[in-house]
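Structural overview for review
The chain contents come next:
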Amino acid sequence: MEQATTTAIFAKAAQATSWQHTNLGLTAKIAHDGCDWAVRLPREGEGRAYISGSSGWGGSTAEYVEATWSETARIVDAAMAATRLH
């Protein structure tokens, strides 16, 4: 996967307002380049955010591409804000 693509997906995840609790951790679906990408925060809050795969016209892919620590911090902030009880 190209660095520009991963950077764009993680930037969008850092602005995501819809996160779902799953057995794999908090997950956001990010639309980018005609595909829906799954960005996850690991369960137990340990480790970096990562892209776990995509789905689109060509089918689905399973991947594991980690964000940097600074990207992860921004993504965690977005996920916590989106899942906070008001």
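Residues numbered from 1 in each chain as written. Predicted model: local features only at pLDDT ≥ 70, side-chain atom pairs only at ≥ 80, totals over all residues. Heavy atoms only, no water.

**As for the pattern of salt bridges**
What counts here: Salt bridges are defined as contacts in which a side-chain nitrogen from Lys or Arg sits within 4 Å of a carboxyl oxygen from Asp or Glu. Each helix is a run of H or I in the DSSP string that is no shorter than four residues. Each strand is a run of E no shorter than two, and both are numbered from the N terminus. Throughout this description, buried means an accessible area under 20% of the type-specific maximum (1.4 Å probe, protein chains only), exposed means over 50%, and partly exposed covers the range between.
The final tally for this structure, using the stated rule, is one salt bridge. Where R48 meets E66, a salt bridge forms, and the shortest distance between an N and an O atom there is 2.8 Å. Taken as a pair, R48 in the loop between β3 (35–40) and β4 (50–56) and E66 in strand β5 (residues 59–66) lie far apart in primary sequence, 18 residues in all. The class of R48 is partly exposed, set by a relative accessible area of 26%. When its relative accessible area of 35% is taken as the criterion, E66 is described as partly exposed.

**Quick look at the packing of aromatic side chains**
For clarity, the cut-off: Two rings from Phe, Tyr or Trp (for Trp, the six-membered ring) form a pair when their centres are within 6.5 Å of each other. A pair whose planes differ by under 30 degrees is stacked, one over 60 is edge-to-face, and the rest are tilted.
Throughout the structure, instances matching the rule amount to one aromatic pair. Ring geometry for Y50 and Y64: centres 4.7 Å apart, planes at 35 degrees, overall tilted. Of this pair, Y50 sits in strand β4 while Y64 sits in strand β5, and the two are 14 residues apart along the sequence.

**Topic: helix α1 (residues 3–13)**
Just so we agree on the cut-off: Arc, as used here, means the arc of the directions from the helix axis to the C-beta atoms. Only heavy atoms matter for contacts: two residues are in contact if any of them lie within 4.5 Å across the pair.
Those residues of α1 that fall on the buried side of the exposure criterion are T5, T6, I9, F10 and A13. End-on view of α1: buried residues confined to an arc of 125 degrees, all on one side of the axis. The exposed residues of α1 that point more than 90 degrees off its buried face are Q3 and A4. Against the buried residues of α1 lie β2 (25–32), β3, β4, β5 and α2 (69–83).

**Here's the deal with the sheet that holds β4**
Worth spelling out the cut-off: DSSP-based pairing: two strands are paired if at least 2 bridges between them are found. An axis is simply a line fitted to the C-alpha atoms; with a helix, the fit covers only the stretch in contact. Between two such axes, the angle follows the N-to-C directions and lies from 0 to 180 degrees.
Sheet architecture is open: five strands sit in the order β1-β2-β3-β4-β5, paired in antiparallel fashion. Taken across any chain shown, the strands that pair with only one partner, and hence form the sheet edges, are β1 (20–22) and β5. The sheet shows a mean angle of 30 degrees between the axes of neighbouring strands, direction not considered. Across three bridges, the pairing between β1 and β2 is antiparallel. Paired with Q20 across the bridge in β2 is T27.

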